[in-house]
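Commentary on secondary and tertiary structure
Here is how the chains run, residue by residue.
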Amino acid sequence: MNAPAGQDLTVTQTLLQVAQWLLREGYEFVTVTPATHARVNARPGVAVAKDLRGIFGWSRPFEVSLLPRKIVGDLRGAGLIESRGELLRSKVRFSTLGGQIFAHSAYPTTEEDAVFFGPDTYRFVQLIRDELQREPLGQEGRILDVGCGAGPGGIMARLTCNGEAGLVLADINARALQFAAANAAQAGCDRADLRQGDLYGAVHGSFDLIVANPPYLNDSLQRTYRHGGGRWGEALGVRIVREGLDRLAPGGRLVLYTGAAIVDGADAVREALWPHAQRVGWEARYWEMDPDVFGEELEESGYAEVERIAAVALVVQRPR
Ligand SMILES: C[S@@+](CC[C@H](N)C(=O)[O-])C[C@H]1O[C@@H](n2cnc3c(N)ncnc32)[C@H](O)[C@@H]1O
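Residues numbered from 1 in each chain as written. Predicted model: local features only at pLDDT ≥ 70, side-chain atom pairs only at ≥ 80, totals over all residues. Heavy atoms only, no water.

Here the focus is the overall build of the protein. Tallying secondary structure elements over the protein gives nine helices and twelve strands in all. Here the C-alpha radius of gyration of the protein, 19 Å, is about what a compact globule of 320 residues would show, namely 20 Å. Overall, the protein is about 60 × 45 × 30 Å in size when its C-alpha atoms are taken along their principal axes. Residues counted as buried form 56% of the 320 residues belonging to the protein. (Helix = DSSP H or I, 4+ residues; strand = E, 2+ residues; numbered from the N terminus. Rg over C-alpha atoms; globule rule 2.2 N^0.38 Å. Buried < 20%, exposed > 50% of the residue type's maximum accessible area, 1.4 Å probe, protein only.)

For the rest of this paragraph, the subject is the site of the ligand. Lining the immediate surroundings of the ligand are 18 residues, of which Thr121, Asp171, Asp198, Leu199 and Asn213 lie closest. Ile172 is positioned with one of its backbone polar atoms (N or O) 3.3 Å from a nitrogen atom of the ligand. Between the ligand and Leu199, the relevant distance is 2.8 Å, taken from a nitrogen atom to a main-chain nitrogen or oxygen of the residue. Alone, the ligand offers 590 Å² of accessible surface; in the complex the protein occludes 96% of this. (Near = heavy atom within 4 Å. Polar contact = N/O pair within 3.5 Å; in protein donor to acceptor, adjacent residues only side chain to side chain. Areas by Shrake-Rupley, 256 points an atom, 1.4 Å probe, with all protein chains shown as cover.)

Next up on the list: the domain arrangement of the protein. Segmenting the protein into domains produces domain 1 (10–105) and domain 2 (119–317). One C-alpha centre belongs to domain 1, the other to domain 2; they are set 27 Å apart. Taken residue by residue, the interface counts 25 residues in domain 1 and 22 residues in domain 2. Carbon and sulfur atoms supply 70% of the area that domain 1 and domain 2 bury against each other, a total of about 1800 Å² over both sides. For domain 1, the biggest contributors to the area lost against domain 2 are Leu97, Gln100 and Phe102; these three give 30% of the whole. Our count for the domain 1 to domain 2 interface comes out at zero salt bridges. Only α1 (9–24), α2 (34–41), β3 (92–97) and β4 (100–105) provide two or more residues apiece to the side of domain 1 that touches domain 2. (Domains from an automatic or database assignment. Contact = heavy atoms within 4.5 Å. Buried area = accessible area lost by both parts, 1.4 Å probe. Salt bridge = Lys/Arg side-chain N within 4 Å of Asp/Glu carboxyl O.)

We describe a pair of aromatic rings using the distance from one ring centre to the other and the angle between the two ring planes. One pass over the structure, following the stated rule, counts seven aromatic pairs. A centroid spacing of 5.7 Å and a plane angle of 80° characterise the contact between Phe56 and Phe94, whose relative ring orientation is edge-to-face. Pair noted here: Phe56 is in helix α3 (residues 52–56) and Phe94 is in strand β3, with a separation of 38 residues, a long-range link. Given a relative accessible area of 0%, Phe94 falls into the buried group. Geometrically, the ring pair formed by Phe124 and Tyr257 is tilted, given 6.2 Å between the ring centres and 50° between the ring planes. (Phe/Tyr/Trp six-rings, centres within 6.5 Å; stacked < 30°, edge-to-face > 60°.)

Helix packing geometry: the angle between the two helix axes and the distance between the axes. Closest axis-to-axis distance for the α1/helix α7 (residues 174–186) pair is 8 Å, and the angle between their directions is 40°. It follows from the interaxial angle that α1 and α7 lie oblique. Read as a crossing pair, α1 and α7 show a hand that is right-handed. In this structure, α1 contributes Val11, Thr12, Leu15, Leu16, Gln20 and Leu23 to the contact, and α7 contributes Arg175, Gln178, Phe179, Ala181, Ala182, Ala185 and Gln186. The residue inventory of the contact of α1 with α7, partitioned by class, reads eight nonpolar, four polar and one charged. (Axes fitted to C-alpha atoms, helices over the stretch in contact; angles between N-to-C directions. Parallel < 35°, antiparallel > 145°, perpendicular 65-115°, else oblique. Left-handed = near helix turned anticlockwise from the far one by under 90°. Nonpolar A, V, L, I, M, F, W, Y, C, P; charged D, E, K, R; others polar.)

Further remarks concern the pairing of strand β5 (residues 142–146). Taken across its five residues, β5 has four buried, putting it largely inside the fold. Two strands pair when backbone bridges link them, and β5 and strand β6 (residues 166–171) are joined in this way by five bridges, in the parallel orientation. Bridged to Leu144 within β6 is Val168. Between β5 and its parallel partner β6, the chain crosses via helix α6 (residues 152–160), and the hand of that crossover is right-handed. Here β5 runs beside strand β8 (residues 207–212); their pairing, made up of three bridges, is parallel. Looking at the pairing, Leu144 lines up with Ile210 of β8. (Pairing = 2+ DSSP bridges. Right-handed = clockwise from strand over helix to strand, strands pointing away.)

See below:
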């Protein structure tokens, strides 16, 4: 198993073991938005988990007798479980996507170094798969997932490719890389190269596919996995395009999934991204994938002028 230099492997190894055990138990869980999660968990009779989905999906407190002693011991040893009075609560969630399982942070993800995975992740992975179906990667392509979080974009891209594509998973959050290392190993991407740094700062060389689902909200808590910066949360996405085009090999593609604040019918994010996407004169496509995501954010003061947030895709391809 690969891990970033100097990192404690206990968390990664524990996540991998629990993920493997959950798959053997037939575990499946699809992560919903925080607003949906809160609604479902507020229903009567669900305060305490009764099964594995309650523990590792819905992040509910549970009685210790519900899990094998070894699993509880391993989670405790890795600091991935906490006490809630007489009960325990998992600090990690596991979600399934395309036959794979991904460890990420438990709900609610209030910690600064929380490891993100959500409905955006499912759309992001679908975008990557569609793009690779449209034009498959060469036998020995190099893939970079920048702002990889738990790693699903890069890992699913790697699994979609035939051959021996190389995979680099990069994130500024060391904890995200601990989780990504476990998820990559579980998916059979043992040789994934994990890099901690600001966007491309710790990444070397050029790539045939760069994928990114960066933070795009104006988060009042400025959490790393959520806060995009700039007027409409677009700043990191702009940097990913501006700095990323130079990292594309001939024929290489940059696939960006992000959210766009629509103000008075105008897409402020497209206006910010498009000049950078067009700077080099390469083929570029931009489209809306979903017209209305994270509607609850519109109640935040920073979004007073925004009429909707759209999920959008940008693909830029360097000529061969
Ligand atoms: C919305 S999450 C998406 C995670 C993952 N790509 C997914 O689709 O599930 C954004 C990720 O970008 C990372 N990130 C934020 N700022 C970054 C930066 N300057 N450089 C690298 N990664 C960054 C966060 O730590 C987080 O893991």
